[in-house]
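A structural walkthrough
The residues making up each chain are set out below.
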Amino acid sequence: QERLVESGGGLVQAGGSLRLSCQSTRFITSVFNQFRMAWYRQAPGKQRELVAAVSSSGVTNYSDSVKGRFTISRDNSKKAIYLRMNNLQPEDTAVYYCNALRSRDEYWGKGTQVTVSS
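Residues numbered from 1 in each chain as written. Predicted model: local features only at pLDDT ≥ 70, side-chain atom pairs only at ≥ 80, totals over all residues. Heavy atoms only, no water.

Side note on unusual backbone geometry
Within the chain, Lys 79 stands out as a residue other than glycine whose phi angle is a positive 55°. One can find Lys 79 in the loop between strand E7 (70-75) and strand E8 (80-85). Phi at Ser 103 is positive, roughly 55°, even though this residue is not glycine. Relative to the helices and strands, Ser 103 resides in the loop between strand E9 (94-102) and strand E10 (105-108). Accessibility expressed as a relative area gives 69% for Ser 103, which makes it exposed. (Helix = DSSP H or I, 4+ residues; strand = E, 2+ residues; numbered from the N terminus. Buried < 20%, exposed > 50% of the residue type's maximum accessible area, 1.4 Å probe, protein only.)

Structure (structure tokens):
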């Protein structure tokens with residue numbers, strides 16, 4: 001049984017928007033709250049890269065390539081995180097993965113495909 005399940009990917013034209021969701025299916029709320037949560041992405045032929053992260057206290061950080069366009073948020077009551085992506089560009093095309101990190105505990109979702117057409 002997966003711990004993290006992503007959804008919301010799809011095909012969108014350049015300039016469009018998508019909202020990704022990541023739902024924790026196994027953590028209880030008090031445990032979920034302890035994790036740093038993040039979105040990574042991996043484009044074909046490239047290494048997986050950090051897109052955005054939100055700490056257990058709600059502090060966010062973004063890669064330079066998405067700063068000002070993407071917004072990460074978390075809802076601890078729902079054990080979920082989200083990634084709002086605006087002004088999408090073809091170079092944003094990738095599989096987007098949800099990540100949970102706490103000390104030496106790390107979990108990944110299976111990913112959701114985002115494709116941006118020009």
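Past the structure itself, the notes keep going.
Considering the sheet that holds strand E3 (residues 18-24)
Ordered in space as E1-E3-E8-E7, the four strands form an open sheet in which the pairing is antiparallel. Looking at strand neighbours, the two that pair on one side only are strand E1 (4-7) and E7, the edges of this open sheet. For this sheet, the mean angle separating the axes of adjacent strands, direction not counted, is 15°. Bridge analysis of E7 against E8 gives six bridges, and the strand direction is antiparallel. Within E8, the residue paired with Arg 74 across the bridge is Ile 81. (Pairing = 2+ DSSP bridges. Axes fitted to C-alpha atoms, helices over the stretch in contact; angles between N-to-C directions.)

Here we look at the state of the cysteines
Within the structure shown, the criterion is met by one disulfide. The disulfide partner of Cys 22 is Cys 98, and the gap between their sulfur atoms is 2.0 Å. On the sign convention where negative means left-handed, the S-S torsion of about -80° between Cys 22 and Cys 98 marks this disulfide as left-handed. Of this pair, Cys 22 sits in strand E3 while Cys 98 sits in strand E9, placing them 76 residues apart in sequence. (Disulfide = S-S within 2.5 Å.)

Re the nonpolar core
Residues Met 37, Trp 39, Leu 83, Met 85 and Tyr 96 are the most contacted members of the largest nonpolar core, which totals 27 residues. Secondary-structure elements contributing two or more residues to this core are E3, strand E4 (36-42), strand E5 (49-54), E7, E8, E9 and strand E11 (112-117). The greatest single-element share of this core, amounting to four residues, is contributed by E9. Apart from the residues within four sequence positions on either side, Leu 83 is in contact with Leu 18, Arg 19, Leu 20, Trp 39, Val 51, Ala 52, Phe 70, Thr 71, Ile 72 and Tyr 96. (Core = buried A, V, L, I, M, F, W, Y, C linked by side-chain atoms within 4.5 Å. Contact = heavy atoms within 4.5 Å.)

Things to note about the pairing of E4
The side chains of a regular strand alternate between the sheet's two faces. With five of seven residues buried, E4 lies mostly within the body of the structure. Examined bridge by bridge, E4 and E5 share five bridges and lie antiparallel to one another. Residue pairing across strands places Trp 39 opposite Ala 52, the latter belonging to E5. Here E4 folds back onto E5, and the loop between the two strands holds six residues, one of which, Gly 45, carries a positive phi near 75°.

Considerations on the packing of aromatic side chains
As enumerated under the stated definition, the model contains five aromatic pairs in all. Ring centres 6.5 Å apart and planes at 85° place the aromatic pair Tyr 97 and Trp 108 in the edge-to-face group. One end of the pair, Tyr 97, is in strand E9; the other, Trp 108, is in strand E10, and eleven residues separate them in sequence. Residue Tyr 97 is classed as buried on the basis of its relative accessible area of 13%. One aromatic cluster in this structure is built from Phe 27, Phe 35 and Tyr 107. (Phe/Tyr/Trp six-rings, centres within 6.5 Å; stacked < 30°, edge-to-face > 60°.)

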